[in-house]
Every structure is written in C-alpha cells, then in structure tokens.
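Topology and contacts: notes
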Amino acid sequence: MKIVRNQELVDFNTFGIACQSEYFVEIKSVNDLMDLSKQDIYKNQNKLILGGGSNILFTSNFQGLIIKNNITGVEITKETSDFVEVKIGAGVNWHEFVIYCVNQGWGGVENLSLIPGNCGTAPMQNIGAYGVEIKDTFTKLEAFEINSGKIAHFNAEDCQFGYRESVFKNQFKNQYVILNISLRLNKNPAINTSYGDINRTLESKHISNPTIKDVSDAVIEIRQSKLPDPNKIGNSGSFFKNPIIPISQLTDLKKEFPEIVSYKIDDSQVKIAAGWLIEKAGWKGKTFNNYGVHKNQSLVLVNYGGAKGQDIFDLSQKILEDIDKKFQIKLEREVNII
Ligand code: EPU
C-alpha cells in the first residue's frame, strides 16, 4: 500500500476531469484499511472514498487523502434450490458482476446491466434502471466506520433506500467505507420487462419468452443507443434526478405542456422526466467548446475532452435555473460535487 502525492485523477473519474489529489492510496483489503487508519495521514487529512468514480464531478483539486477502494472477491454465502446469496467486494466492477450473475442464471440484477461504477458504491445511491433498483435484491452490507475504525453491519432497512438515495448520501455521508455488499439472487428468475423500452426491444427481436440473458442484452442495447460510453465521452450518467412534484402542479403544467412525461408515484405525487424538461427548454445537444448536454439524453452532461469540472458545474447551474424559470420545478443534482 503506497501513498502517492499529487496523483492525477483523470483516469479515476468517468467524467474524465483532469485534476489532482494531494494524497492518494489504493486499498485492496480490510487489513489495508485497518493499517492505513493507524497512520497520521489518515488521522489528520480530509478524506474521500472513491469507488469506480462514476458518480462524481471534481470541480477543483482535492486537498486531502483519496482512498480508492479496490477490495475484490465474490463469495456465495448461502444457497438453496430457490436463491443464492452472494457477498461481493466493494471494488468489484458492477457490470462485470451482473454479467457473472447472468451467466450463472441468477436473476435480479439483469435490468441493471452496463451501469458504470463498482459494487460498493451501488447501494449509496440505490442504483436503478428499467424498473429495478439494487434495493430489490440487497440483503446487507459491511462498512468500516471512518472515525472509530469499527466494522458496522447494515441491513436493507438500515440503509433507508429511496429513489437514488440511502443513508450513505445523507446522515452518514463520508462516515463509512463500504467493504462488501450482499445480494440475494433468484435461481428461478421472474423477468421484469415492465419498462416500455425493454418490451419494444424484445419485440423487435421477436423474443416472446425472454431469459435473463435476453433482458440483459436488451438493456445493453438500449443503454448503448441512448447513453454515451464513458470510455469514449466523459460523463456520469444522469446528472440530475427526476423531480417529484404534486399532482396539482402537473395538472397546471399540462395546460401549457400537454405532452409532458410523468409517472404516477401515489395519489398526490408524480415523477417528471427531467430529460423531457431539459430537452423542452432547448438544452438537448447544446455544446460549449469541449462540454455540453448529450445529444440523445438531456439528463447526461458530457466532457468531450479537456473540460473543467467547474464549467460542467456552471452549466448544470444554468440548466437548474432555466428549468425553475420555465416550469417552476427545482431539479436536484444526482452526481456528487467535489
Ligand atoms: N426524455 C426526453 N428527452 C430526453 C431524455 C428523456 O424527452 O432528452 C423522455 C423520454 O422520451 C422518455 C422519458 O423522458 O419518455 C424517460 O427517459 P429514459 O427512459 O431515458 O429515462 P430517464 O427517466 O431519463 C432514468 C434514470 C436512468 C435510467 C433510465 C432507465 C434517473 C435520474 N435516470 O432516466 O439512470 O437508465 O431511467 O430506467 O432516474 C443514471 O442514473 O445514471 C441513469 C442513466
């Protein structure tokens, strides 16, 4: 375990923002973290835990110590004829894990194919796509409490999962390093094709009785057609969350915008497609030098190469203000701003 000074971070964030961390260390095991926690640098420095770097925007150099979590390992901890419970190291790449499950015939995460990032950070924002969230298969996680050095156990209820939310983004922000997560996967999977795009893709391939592999392939195809590949164009997926507003406000908005895209949540609230709002406001595909709004999905801000994090942040602020002005809706950022 080597602590590096002034580490370049361009390859450690999917936005591809060039910036530096004053100190940087990669941990490969809980023991590494235990050893590190005894050192003065750990005790004295401001700390940031980094996973796959897929949900973060650096707006400046990081003053302090970045701890890159590279704890790997996949272990079956329980198995019956119906399900398998798997413990996955925080540093395992999420999509590689999904493909492993699909190949084993274990259902539950196939709709979450191709989501960038690592397994350990997936519960922090309760990753979700195409009608499924990680909370649907999540059973528990182990985490290292940064201040006390104690190992804590969280079950699904403790995590307080919500739409792109958990305790780790709120009251326990920056307080834990997630070491591993456990998911319960189904050996007799129930396919979830409730999301329109999946159904349409399967129909176009004349697949009427899809397997989890078919669903995973369909999700990969949809994502590749709509979302930029972070290996080619820097981005962090959806930059904003889809806002939740009262139904009464939607009724008013529909008078002016009858085609607005919304999803009912309960009798009083609806979720609005932020991508629709941003497109309607004229931002889709707008490019400013080397950054902009993606041409196929307005929720995604992109770095075409060499953009500064602050420029992207400023663009997001302009979009927030414009959406508030045009629709009286306050968007929230989904990405962590550093
Ligand atoms: N839409 C537009 N214009 C756009 C983008 C979307 O009109 O530029 C409309 C679409 O036509 C569609 C609706 O908005 O009617 C929803 O679009 P889409 O299916 O692309 O999903 P989304 O709500 O924009 C969310 C997630 C994505 C996830 C997809 C699929 C959030 C913030 N984003 O996007 O997650 O892949 O649903 O489930 O909830 C991510 O978190 O990084 C991410 C990509």
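Refer to the structure printed above.
Residues numbered from 1 in each chain as written. Predicted model: local features only at pLDDT ≥ 70, side-chain atom pairs only at ≥ 80, totals over all residues. Heavy atoms only, no water.

With that settled, consider a nonpolar patch on the surface. Together, Y195, V261 and Y263 make up a nonpolar patch on the protein surface, roughly 240 Å² of accessible area in all. When its relative accessible area of 33% is taken as the criterion, Y195 is described as partly exposed. (Patch = residues over 30% accessible without salt bridge, like charges linked within 9 Å, V, L, I, M, F, W, Y side chains within 5 Å. Areas by Shrake-Rupley, 256 points an atom, 1.4 Å probe, with all protein chains shown as cover. Salt bridge = Lys/Arg side-chain N within 4 Å of Asp/Glu carboxyl O. Buried < 20%, exposed > 50% of the residue type's maximum accessible area, 1.4 Å probe, protein only.)

Neighbouring the ligand are 24 residues, the closest being Y130, Y163, Y195, E279 and S298. A distance of 2.6 Å is found between an oxygen atom of the ligand and a backbone nitrogen or oxygen belonging to Y130. Bound to the protein, the ligand loses 83% of the 810 Å² it would expose on its own. Of all the secondary-structure elements, those providing two or more residues to the shell around the ligand are α6 (212–226), β13 (234–238) and α8 (274–280). Among the residues making up the shell around the ligand, the classes are represented as 11 nonpolar, six polar and seven charged. For the shell around the ligand, the domains that each give at least three residues are domain 2 (74–186) and domain 3 (234–337). (Near = heavy atom within 4 Å. Polar contact = N/O pair within 3.5 Å; in protein donor to acceptor, adjacent residues only side chain to side chain. Helix = DSSP H or I, 4+ residues; strand = E, 2+ residues; numbered from the N terminus. Nonpolar A, V, L, I, M, F, W, Y, C, P; charged D, E, K, R; others polar. Domains from an automatic or database assignment.)

Moving on to unusual backbone geometry. In this model, N6 sits at a positive phi of 50 degrees, which is unusual for a non-glycine residue. Locating N6 in the fold gives a position in strand β1 (residues 4–8). A positive phi is found at Y130, a non-glycine position, where the angle reads about 50 degrees. Counting through the fold element by element, Y130 comes out in the loop between β8 (128–129) and β9 (132–133).

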